[in-house]
Amino acid sequence: MEALLEKALQSAPQAEIYQQKLQSDQIQFENGRLKEIETKMQSGVSLRIIKEGCLGFAYTKNLRTPEDLVREARDSLLGRVEAPFDFPADPLPVALRTLDPHLMELSNTNLVEEGQRICEYLNSGLQAQVNVSIQRQDQEIRLLNSRGLNQSLRNTFYFINASLHFPGSQAGLEQHLSGQGFEIFPEKKLASLKELFRKSVKDTRPRPGKMKVLFFPETLYALIWRIQAAANGKNVYEKTSPLLNKLETPLLDPKLTLYDDPLKDAQPMARGWDDEGTPCRRLSIIDGGVLKNFYYDLFYAAKLKRPPGGQGFKSGLWGGETVALKPKPTLEYLYLQPGDSSLEGLIRSIDRGLLVAGVLGAHSGNILNGDFSFGLAPAVYVEKGEILGRVKEAMAAGNIYETLKEVVALEDRAHPTYGGTFPALLLDRINVAF
Amino acid sequence: MSFQHLESILTNVRAEYADLRYEIKKEVQFVFSGPELTQISTSTTDGYVLRVLKNGGFSNVVFTEAHDGPAALTKAEENAQLISRFIAEPVRLAETEVIRDTYAPHLEEDPRAIALEEKLELTRRYNQIPLEREKIVTTQIQYLELVREKWFINTEGTRIREDLVTTRLGGTITSQEGGLTQTVRVGRGGSSGFALLRNQEALFEEKTALALDLLQAEPVTGGTYSVILNPNLAGVFTHEAFGHFSEADLIEDSPSMLEKLRLGTAIGHPDLTILDDPTQPAQLGFYKYDDEGVACRPVSLITQGVLTGRLHSRRTAARFGEPLTGHAVAEDYRFGPLIRMGTIFIQPGQTPFDQLLAQLGDGLYLIGALGGQTSGENFTFGAEYGFVIKNGRRREMIRDINMSGNLYQTLKHIEGIGNDLELSQLGGCGKGQTNIRSCHGGPHILVRDIVIGGR
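Residues numbered from 1 in each chain as written. Chains lettered and ligands numbered in written order. Predicted model: local features only at pLDDT ≥ 70, side-chain atom pairs only at ≥ 80, totals over all residues.

Looking at the overall build of chain A
So, step 1. For chain A, the helix and strand inventory stands at nine helices and 24 strands.
So, step 2. By the compact-globule yardstick of 22 Å for 434 residues, chain A fits well, its C-alpha radius of gyration being 23 Å.
So, step 3. Overall size of chain A, expressed as C-alpha extent along the three principal axes, is 70 × 55 × 35 Å.
So, step 4. Across the 434 residues in chain A, those meeting the buried criterion constitute 54%.
So, step 5. Intrachain contacts of chain A at a sequence separation of at least 6 include 69% that bridge at least 24 residues. (Helix = DSSP H or I, 4+ residues; strand = E, 2+ residues; numbered from the N terminus. Rg over C-alpha atoms; globule rule 2.2 N^0.38 Å. Buried ≥ 20, exposed ≤ 12 C-beta atoms within 10 Å, placed from the backbone. Contact = placed C-beta atoms within 7 Å.)

Here's the deal with the confidence of the model for chain B
One rule of thumb: low pLDDT means the predicted coordinates there are not for detailed reading.
So, step 1. Mean pLDDT for chain B: 94, with 100% of residues reaching 70 or above.
So, step 2. In the predicted complex, the global pTM is 0.89; the interface-specific ipTM is 0.85. (pLDDT = per-residue confidence, 0-100.)

A few points about the packing of helix α1 (residues 2-9) of chain A against helix α2 (residues 66-75) of chain A
Residue and element names in this part refer to chain A.
So, step 1. Two elements in contact, α1 and α2, have axes separated by 10 Å at closest approach and are oriented at 40°. Relative to α2, α1 is oriented oblique. Here α1 and α2 pass one another in a crossing that is right-handed. Contacts between α1 and α2 involve Ala3, Leu4, Lys7 and Ala8 on the former and, on the latter, Pro66, Glu67, Val70 and Ala73.
So, step 2. Of the residues contributing to the contact of α1 with α2, the split by class is six nonpolar, no polar and two charged. (Axes fitted to C-alpha atoms, helices over the stretch in contact; angles between N-to-C directions. Parallel < 35°, antiparallel > 145°, perpendicular 65-115°, else oblique. Left-handed = near helix turned anticlockwise from the far one by under 90°. Nonpolar A, V, L, I, M, F, W, Y, C, P; charged D, E, K, R; others polar.)

Thoughts on the packing of helix α3 (residues 116-131) of chain B against helix α4 (residues 201-213) of chain B
All names here are of chain B.
So, step 1. In contact at an axis separation of 9 Å, α3 and α4 are set at 30° when each is read in the N-to-C sense. As far as their axial angle goes, α4 and α3 are roughly parallel. Every pair of crossing elements has a handedness; the one defined by α3 and α4 is right-handed. Residues Tyr126, Ile129 and Pro130 of α3 form the contact with α4, whose own contacting residues are Glu201, Phe204, Glu205, Thr208 and Ala211.
So, step 2. For the contact of α3 with α4, a count of residues per class yields five nonpolar, one polar and two charged.

Considerations on the domain arrangement of chain B
All names here are of chain B.
So, step 1. Split by domain assignment, chain B resolves into domain 1 (3-216) and domain 2 (219-453).
So, step 2. Relative to domain 2, the C-alpha centre of domain 1 lies at a distance of 22 Å.
So, step 3. Listed by partner, the interface residues are 43 residues for domain 1 and 32 residues for domain 2.
So, step 4. When contributions to the side of domain 1 that touches domain 2 are tallied by element, the ones reaching two or more residues are β1 (17-33), β2 (36-54), β3 (57-63), β5 (136-154), β6 (159-177), β7 (180-190) and α4.
So, step 5. Looking at which element gives the most residues to the side of domain 1 that touches domain 2, the answer is β7, with seven residues.
So, step 6. Looking at the side of domain 1 that touches domain 2 residue by residue, the classes come out as 16 nonpolar, 14 polar and 13 charged. (Domains from an automatic or database assignment.)

Focus: the sheet that holds strand β11 (residues 299-303) of chain B
Residues and elements named next belong to chain B.
So, step 1. Read from one edge of the open sheet, six strands run β12-β11-β10-β15-β24-β21, paired in mixed fashion. In this open sheet, the two edge strands, each paired with only one partner strand, are β12 (306-307) and β21 (422-423).
So, step 2. With two bridges joining them, β21 and strand β24 (residues 439-442) adopt antiparallel strand pairing. Following the sheet pairing, Glu422 is matched in β24 by Gly442.
So, step 3. Packing of helix α5 (residues 231-242) onto the sheet brings it into contact with β10 (274-276), β15 (343-346), β21 and β24, and relative to β24 it is tilted by some 120°. (Pairing = 2+ DSSP bridges.)

So, helix α3 (residues 108-123) of chain A
So, step 1. The first and last C-alpha atoms of α3 of chain A sit 22 Å apart over 16 residues, in line with the 22 Å expected at 1.5 Å per residue.
So, step 2. Among the residues making up α3 of chain A, those that are buried are Leu111, Val112, Gly115, Ile118, Cys119 and Leu122 of chain A. Angularly, the buried residues of α3 of chain A cover 120° about the axis, an arc narrow enough to put them on a single face. Turned more than 90 degrees off the buried face of α3 of chain A, the exposed positions are Asn110 and Glu120 of chain A.
So, step 3. Looking at the buried side of α3 of chain A, the elements it contacts are β1 (14-30), β2 (33-51), β5 (129-145), β6 (150-165) and α4 (187-200) of chain A together with α2 (69-86) of chain B.
So, step 4. Two residues or fewer after α3 of chain A comes Gly125 of chain A, characterised by a positive phi angle close to 75°. (Expected span 1.5 Å × (residues − 1). Arc of directions from axis to C-beta.)

Considerations on the interface of chain A and chain B
So, step 1. Listed by partner, the interface residues are 68 residues for chain A and 75 residues for chain B.
So, step 2. Going through the elements one at a time, β2, β3 (54-60), α2, β4 (81-82), α3, β17 (371-376), β20 (394-399) and β24 (425-433) of chain A are the ones with two or more residues in the side of chain A that touches chain B.
So, step 3. Judged from the four bridges that link them, β2 of chain A and β3 of chain B form a sheet pairing that is parallel. Along β3 of chain B, the bridge assignment pairs Lys40 of chain A with Val62 of chain B.

Some thoughts on the pairing of β17 of chain A
All names here are of chain A.
So, step 1. The element β17 is largely enclosed, with a buried count of six among its six residues.
So, step 2. Here strand β16 (residues 359-360) runs beside β17; their pairing, made up of two bridges, is antiparallel. By the bridge assignment, Leu360 is partnered in β17 with Gly375.

A look at the domain arrangement of chain A
All names here are of chain A.
So, step 1. Looking at chain A, the domain boundaries give domain 1 (2-195) and domain 2 (202-434).
So, step 2. For domain 1 and domain 2, the distance between their C-alpha centres works out to 23 Å.
So, step 3. Listed per partner, the contact involves 33 residues of domain 1 and 28 residues of domain 2.
So, step 4. The set of elements that each furnish at least two residues to the side of domain 1 that touches domain 2 consists of β1, β2, β3, β5, β6 and β7 (172-179).
So, step 5. The element that contributes the greatest number of residues to the side of domain 1 that touches domain 2 is β7, accounting for six residues.

Re α3 of chain B
Residue and element names in this part refer to chain B.
So, step 1. Given a rise of 1.5 Å per residue, 16 residues ought to cover 22 Å, and the 22 Å separating the end C-alpha atoms of α3 matches this to within 8%.
So, step 2. Regarding α3, the residues found buried are Lys119, Thr123, Tyr126, Asn127, Ile129 and Pro130. For α3, the arc enclosing every buried residue in end-on projection is 140°, short of the 170-degree limit, so these residues lie on one face. Residues of α3 that are exposed and angled more than 90 degrees away from the buried face: Glu117, Glu118, Glu121 and Arg125.

Below you can see the structure in the form of structure tokens.
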């Protein structure tokens, strides 16, 4: 990589190399049976150069001829993409625990046996389609630049998802587990999944209207997505965010506190520096309902004359190839502060309402405005604290700047899930159509 | 790259079947955010996907570097053997013709031969159209050119070289007034070359006007409506509400869905016929061979309301005992193939648009797709905008429209099928992998009892 950097510096005064190596196994059980094992052995390099205030970029998965990569990056200078920043100097080292060396020592047979155990447990005494997926990966990232930055990290990631699907549908209830290393899926979690499934399998058709809605942690990303979009430095710079001039003003219910913290290494994939080499730090987005900060990568921090906070990650909305992506403002490590009610207590407190265990169409609608109109799949109907069954074709709609002003309560525990670590969230007077 | 090199990787395979796909992917991409070009990349990359069928277990390994070939082969054999120990029934592959072919699509202007300056200039010019208007606050306009040069070999003797060339130019236009922001999609693209991106000024003018008009539209009121969907929405509806459940791999492990989706089942209105046809020339969804070397063919999925076909890979065709269709498609060199729709559409009927409006009476006319999602039985998708229809006449414009329906009921509720047909130029289906060539369309259709979310 040093040789590539040297070669790049013959074409431009500033250069940055991002290298990724990744090994992963993905194991899929469908309807209680092992279906697929996919192994990936991947590598890749991306190169950014800055010349005369302009940014050039190219990537390849397979670096055979460094000259070609440098030439492609140089060709892209033609676009005269502005580089209003310099690559950063080496950040101060932060010691983070990101690796469990035992994870990759396990054989796929060990993982298949764990999946099999979960399938058998969920299948017993239940008429349901059981799906389990297991993923493990070992990733190395190296970042070098012409200002002497030279960082590398290795992290491991283990994820397992168990789901029970309703008849005639792929909507279902799920529980998952993630960490740096292998962990036996606790029976308690599986038992509560079965219990909820049993109670919700019956079809019900309550009357539509405004009601309480309890969003399970795995669905909260859909609401928080709207806040992320509005606080994104890009949308602030382009003046499309509805939150311009709203910093330090109460925006949401005082029970809501949302922050990004890449340094918390109790969760997997913790980071001390982002994909541009900027040191990471805890960043408060909403504190007691008050909007505290927007977030930036190097580009938008420079454009808005703000210090970059280490939120520049190569992430794509729909996944995407890491080395092919340009860093952009990203909240990869979100935490929503828990409240003080147990999940069971929250359910018992619902006079008339829905539990939402999955949303459809989180990506549709006017996200920046905070509008949402989700299909709920599944939605489970609760009356007087009792689960009565599931509701098909339910839709919940609203605007987060109205609905999140009135939070009834938050669960007393946060769970690592899609988009962050979130507790369940109980809202009131949500408009539901069936 | 040569077939000999690929053969050398497969030489030592000890299995019933193996195939290897090697791809070089060439990508030119740039993005204007408002007036500024904020991203540009010209890249070339490559990789391998190896699949092995051993003792009835089928597994794939994806690798980047040629020297990992032997390790990948060992891993694929191990995984396949492991699967075979746990699997209910051994995997079989449907028999297919051994093919030796090289196929380069006919292009109206090969984008690879056009200078980057010209691509930048064209995109800049289109991007300027909305930006010149007051109340247009930003745009996000991307040019994407993606070339997949594919080599495919298998142990049965098939050797295929095929190129897929996709170009597209488009993105979003955002208007703002007071506290209200509205975003509209715009774009052109396809598989037939650069020429189709030229002369699109009128399209950008039209979408700019729409973004401005939407500032005056009212949010829709939630409830259950009869609706007319325009061809673009009818396409998304077909894709989300039904298309995914014609993909054999999505339903094969769901006994209850299999039961409900048996061929021969009356699932839709008697006038409804749905086809998937990747052979439609010059369409976004066009290809000749899928990513397991099977020539693709048109499939009649629903014929006059009755389920008559399904999309298959070699594995699922054998498992279901149904004909091969050539629909196993991968995003690129980083993925094994999945079953994907190619060009799915509702066959046009007899009813002119005016007559559909009269038939609707009171309801909504919905236009422009905003993406959708399905959970099997239920699906949700968004419309860009629409109009309230009273007594067959167009009234006020509406926005913020998301609708949902039920697979087993909504297809029976299609009560009117227009006599027009339009196929989409921009794809983007995200079933595990992204398929930018996912193409869909149809005529205007009239559907009863659609649930619309609203405040």
